[in-house]
Amino acid sequence: MRYLLAFDVETPNPQNNRICSIGLAKITEEGVTETASILIDPECEFGHVNRMKNGIRPEQVAGKPNFKQFWKTYGSWFSESDCLVAHNARFDLSVLSKTLQAYGLPRPMVKYIDTQIAAKACFPALNRFGLEPLCEYLDIELNHHEAGSDAKACAQVFLEMIAMDIHLDDIVLDYDLNVDWDEHVPFQAHLSENSKVLNELQALLRDITEDGIIDQDEFDRLEQWIKDHAEFKGQFPYNIIKNAIDTILEDGIIEPSELDWLYDICKSGIDPLSSQARNREIDFKDKLFCLTGEFDLGSKGDAALLIAKAGGQIADDVVQKLDYLIVGAQGNGAWLCQNFGTKIKRALEYQMKGLPIRIVVEKDFIAALKAANIAIECSQPVPPEVEEELDAPQDTLTDDDEIQISPEELAEYIESDTAKPESVSPVVESDIESDVSEEETSKTKRRKRRFKRESVGVLELLAYLKEIIADGVVDTYELEALATWMEEHPELDGKFPYNLIFYALEKILEDNVIEPEELVWICEIFQTCVNPIESLPEDQIIGIKGKLFCLSGIFKIGQPDEIMRMIVQLGGDVKDGIMKKTDYLVIGASSNESVEDGNYGVKIKRAIEWKVKGQPIRIISESDLTKALEAAIEE
């Protein structure tokens, strides 16, 4: 194969029979090897809508070559390619055909691939297949409607699909540029049966982890899928999911902490880096490192040299004695769906077996180098966003922090006499088995869940806080009684919200004087821990412009990426994680019930931590964001 040619055209008017800009990207076995972005004088009028869409105006193309002159220079890129590649190829090929005809140039038969249609087979878990959402999903840089950027991004999407075992014979078609597009029948791209089934597993993992927890029903669904597809034993992520389920079922009891652990494993199956702890503190001296992917700071050789300067050693592959696997920020063309590369897969499997291999992203690697006073002098500058990462708070939450208990069970427990603060007493594990639902009688595979004493202790603490703030104030007697209760429950040390309450009590009692304003402050903390979502007054509307948002949970008004885009268009900003400067954490309406009953995700916990430490982060509901968006749009 010589090369494939990805291309994208921008048009000056609604007739779409001329080209004002064209982007080209050659694709070889080595990847995207050569690109071009060319402005063209279309020698016709410009339409207002097209100018708004692509930003190209008549004065920008004045004096540029017309299409015939362009074709004289770049026509060979098309004729010498084995196949053309375009996203929504129906449009680009028809514009190319009309423009060739307008200039009296030959219109040959060509082979083509439409990455938009092929993406529907490759990424069944997605519901939108435009170039922009695909690039967001695959983490591909894109300046949409800039022809050069679109063409390069299309080429990178194609390379991602090639890494997924898609067969070229299934997606390459012939097209006669002399014939109108309507005479061509769209094709249906096909994956191998192996890839189809593993993509089905990907879709299942996304579905059961979407709300941030895995419940009993979801566990049963996943277990049954694994049983029904035993032929995939040894393949990623099937093997790590099966090993996790087998481990959980060894004693016949499914603990909440085990479901938390399975959630992290499932997230690893979707994205190997998603469940890895942030590793900013790296011990370089005499440690063994392996590198994978492409790095922002330069080549792998640059990264290896920095490790050597810090006293570390380099291994070519992931071995049992490896200490760190460093993952480049630019990733790798093969990292999507089940194709994460053997190094990441092997590291995850070693982790499952208990080996202390740590997987570190490039940003944290750079931060660790700076902390070790290693001068970063590489072929490329350090990305500016790393500086922002260095200011982000260190995680103080542990994997056991989540309270994965159903809303019904929590509500019943809080209303019970056992949960009242005056009768708090040690609880025997066997005394708190969850109720058997009516559905269980027809589900022989459903297992009863029993909760660790620590989880019950957290429920007791939440019930205690709820009782204290029932009258809207906190007095010194209540604080002293709470402090005594917490001293009697050291097993909760480090768990949410025990650690925050302990911090607040220490702050108030450190001078042995409890001021009235301190009682108001700690009452607000208790309110936030029990009811983290603020109830804004009906007439209060938050601002969007200039504010930093974070989204959590499942939303009714649309997909998170759509909401993010709307916020950005209205002048706000959105980050995936909670940061010190975050203004609003927005909780999706479909997640409110579980939040109200104590099932807090890591984002809520981290936001509460920042609030306790004095940062003005506000946790609001989807309805309050909706009102703000509507008000901003009307303005």
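In this report, the structure presented in the accompanying data block is examined.

**Let's talk about helix α24 (residues 602–612)**
Then comes step 1: With 8 of 11 residues buried, α24 is to be regarded as a mostly interior element.
Then comes step 2: The set of residues buried in α24 consists of Ile604, Lys605, Arg606, Ala607, Ile608, Glu609, Trp610 and Val612.
Then comes step 3: Looking one or two residues beyond α24, the residue adopting positive phi is Gly614, at roughly 100°.

**Considering helix α21 (residues 516–530)**
Then comes step 1: Between its first and last C-alpha, α21 extends 21 Å over 15 residues, near the 21 Å set by a 1.5 Å rise per residue.
Then comes step 2: All of the buried residues along α21 are Glu518, Leu519, Ile522, Cys523, Ile525, Phe526, Thr528, Cys529 and Val530.

**What to know about the nonpolar core**
Then comes step 1: Core analysis: the biggest nonpolar cluster contains 40 residues, and Val474, Leu482, Ile501 and Phe526 have the highest contact counts within it.
Then comes step 2: Those elements that provide at least two residues to this core are α18 (453–468), α19 (476–487), α20 (498–509), α21, β13 (584–587) and α24.
Then comes step 3: Counting residues per element, this core draws most heavily on α21, at 7 residues.
Then comes step 4: Within the second largest apolar cluster, 39 residues are counted, among which are Ile208, Ile248, Ile254 and Ile359.

**Topic: the sheet that holds strand β12 (residues 573–574)**
Then comes step 1: Strands sit in the order β12-β11-β13-β14 across an open sheet of 4 strands; the sheet is parallel. Whereas interior strands pair on both sides, the edge strands pair on one side only; in this sheet they are β12 and β14 (618–621).
Then comes step 2: Bridge count for strand β11 (residues 548–552) against β13 is 4 bridges, and the pairing is parallel. Paired with Phe549 across the bridge in β13 is Tyr584.
Then comes step 3: Along the sheet, helix α22 (residues 560–569) contacts β11 and β12; its crossing angle with β11, the most-contacted strand, is approximately 170°.
Then comes step 4: In the packing of helix α25 (residues 622–634) onto the sheet, contacts are made with β11, β13 and β14, and the angle to β14 comes to roughly 85°.

**Points about the environment of Leu259**
Then comes step 1: Examined against the element boundaries, Leu259 turns out to sit in helix α12 (residues 256–270).
Then comes step 2: By relative accessible area, Leu259 is classed as buried at 1%.
Then comes step 3: Through-space distance from the C-alpha of Leu259 to that of Ile213 is 7.8 Å; in sequence the pair is 46 residues apart.

**Considering the pattern of salt bridges**
Then comes step 1: All told, the structure shown has 9 salt bridges when counted by the stated rule.
Then comes step 2: Here Glu136 ties to Arg565 by a salt bridge, and the two come within 3.1 Å at their closest N and O atoms. Of this pair, Glu136 sits in helix α6 (residues 131–138) while Arg565 sits in helix α22; the two residues are 429 residues apart in sequence, bridging distant segments of the chain.
Then comes step 3: Under the relative-accessibility criterion, Glu136 is labelled partly exposed at 41%.

What counts as what
Residues numbered from 1 in each chain as written. Predicted model: local features only at pLDDT ≥ 70, side-chain atom pairs only at ≥ 80, totals over all residues. Heavy atoms only, no water. Buried < 20%, exposed > 50% of the residue type's maximum accessible area, 1.4 Å probe, protein only. Helix = DSSP H or I, 4+ residues; strand = E, 2+ residues; numbered from the N terminus. Expected span 1.5 Å × (residues − 1). Core = buried A, V, L, I, M, F, W, Y, C linked by side-chain atoms within 4.5 Å. Pairing = 2+ DSSP bridges. Contact = heavy atoms within 4.5 Å. Axes fitted to C-alpha atoms, helices over the stretch in contact; angles between N-to-C directions. Salt bridge = Lys/Arg side-chain N within 4 Å of Asp/Glu carboxyl O.

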